Amino acid sequence: MHIHPGSCADQTQPPSVPFPDITADTTGAVRQSVVSEPVPGGIPGGSYLNIHLAPSAQLGASTDVSFTPIGCADIPAGTSAAGPVTVKVAAPQKNGAAPAGTVKLAYDGAQHSLQVVLNASGLPAGSAHAVHIHSGSCAAQGAVLYPLPDLQANDAGDASLTATVDNVATAPPATGWYVNVHMGAMSQILDAAGNPTLLFAPILCADVTS
């Protein structure tokens with residue numbers, strides 16, 4: 001986590017205030033306080049707080065996936081150097097919009113098949129993303145139940161996917177399933193040993209409810 005000059009919409013400057021890494025718990029929540037090294041000028045207004053995908057020891061160049069911001073907040077230009085200042089951290093926008101989407105599941109009991117229609121926007125231009133139906137929920141993620149084809153974004157960051165999953169014994173439950181869109185394509189989210197890579201992180205997630 002760093003403070004950078006600039007804004008969440010214009011992330012071109014190197015960090016000016018680094019912080020110790022923050023760590024999410026098993027639910028994905030962060031509940032901790034961190035303190036930077038001394039900052040003689042105080043809180044820099046007209047800057048932004050950036051939370052990166054990877055910890056400091058794994059950060060590569062600004063173009064590397066490890067540097068990908070997963071949370072960002074602008075610090076207003078008029079902020080007092082002494083603070084305090086409270087900012088709202090949110091997923092940064094891509095192509096002028098934050099990643100968003102809808103997914104529709106339709107079960108055919110006679111054919112024991114499940115049709116999935118997924119539409120998304122605000123994705124990185126030309127990016128590909130693994131998609132799975134999992135057991136559990138976005139807040140308590142579980143095992144993969146049904147893999148789907150990769151979701152491919154166009155140059156505007158829009159993407160759509162229609163797929164049919166066969167041999168689905170029962171209709172989706174009222175709760176207990178979720179659809180996960182990962183940051184990377186299926187070929188990128190696991191290493192040679194089958195362990196999750198940084199690109200396994202979800203870029204979109206939706207709980208399935210009836």
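What counts as what
Residues numbered from 1 in each chain as written. Predicted model: local features only at pLDDT ≥ 70, side-chain atom pairs only at ≥ 80, totals over all residues. Heavy atoms only, no water. Pairing = 2+ DSSP bridges. Helix = DSSP H or I, 4+ residues; strand = E, 2+ residues; numbered from the N terminus. Axes fitted to C-alpha atoms, helices over the stretch in contact; angles between N-to-C directions. Disulfide = S-S within 2.5 Å. Buried < 20%, exposed > 50% of the residue type's maximum accessible area, 1.4 Å probe, protein only. Core = buried A, V, L, I, M, F, W, Y, C linked by side-chain atoms within 4.5 Å. Contact = heavy atoms within 4.5 Å. Phe/Tyr/Trp six-rings, centres within 6.5 Å; stacked < 30°, edge-to-face > 60°. Salt bridge = Lys/Arg side-chain N within 4 Å of Asp/Glu carboxyl O.

Caption draft 1: Region of the structure containing the sheet that holds strand β9 (residues 159–165). Overall, antiparallel pairing links the 3 strands, which are arranged β5-β6-β9 in an open sheet. Edge positions in the sheet fall to β5 (100–108) and β9, since each has one partner strand and no second. Looking at each pair of strands side by side, their axes are set apart by 10 degrees on average, direction ignored. Judged from the 9 bridges that link them, β5 and strand β6 (residues 113–121) form a sheet pairing that is antiparallel. Looking at β6, one finds that Y107 is bridged to L114.

Caption draft 2: The arrangement of the state of the cysteines in detail. Applying the stated criterion to the full structure yields 2 disulfides. Each disulfide pairs two cysteine sulfurs, and for C8 the partner residue is C72, the sulfurs being separated by 2.1 Å. Taking the sign of the S-S torsion, -100 degrees for the link of C8 and C72, the bridge is left-handed. Of this pair, C8 sits in the loop between β1 (2–5) and β2 (17–18) while C72 is found in strand β4 (residues 69–75), placing the two residues 64 residues apart along the sequence. Here the two residues C8 and C72 agree in accessibility, since each one is buried. The disulfide partner of C138 is C205, and the gap between their sulfur atoms is 2.1 Å. Taking the sign of the S-S torsion, -100 degrees for the link of C138 and C205, the bridge is left-handed. Remark: C205 occurs in strand β11 (residues 202–208) and C138 occurs in the loop between β7 (128–136) and β8 (141–152); sequence separation between them is 67 residues. We classify C138 as partly exposed; its relative accessible area is 24%. Across the protein chain, the way the bonded cysteines pair up, counted in sequence order, is 1-2, 3-4.

Caption draft 3: Examining the nonpolar core more closely. Ranked by internal contacts, the top residues of the largest apolar core, which has 21 residues, are L114, L123, V131, I133, L148, L151 and W177. Setting aside residues up to four positions removed in sequence, I133 forms contacts with L105, L114, V116, A143, V144, L145, Y146, L148, W177, Y178 and V179. By size, the runner-up hydrophobic cluster in this structure holds 7 residues, among which are M1, V17, I51 and I75.

Caption draft 4: The arrangement of the packing of aromatic side chains in detail. Tallied over the full model, the rule gives 1 aromatic pair. Centroid distance Y146 to W177: 5.8 Å. Interplanar angle 65 degrees. Geometry classified as edge-to-face. Placement of the pair is Y146 in strand β8 and W177 in strand β10 (residues 177–182), with a sequence separation of 31 residues. A relative accessible area of 18% means that Y146 is categorised as buried. The exposure class assigned to W177 is buried, which follows from its relative accessible area of 9%.

Caption draft 5: Structural context of the pattern of salt bridges. Tallied over the full model, the rule gives 1 salt bridge. The shortest N-O distance in the salt bridge between D25 and R31 comes to 2.6 Å. A relative accessible area of 32% places D25 in the partly exposed class. Among the residues examined, R31 registers a relative accessible area of 66% and is labelled exposed.

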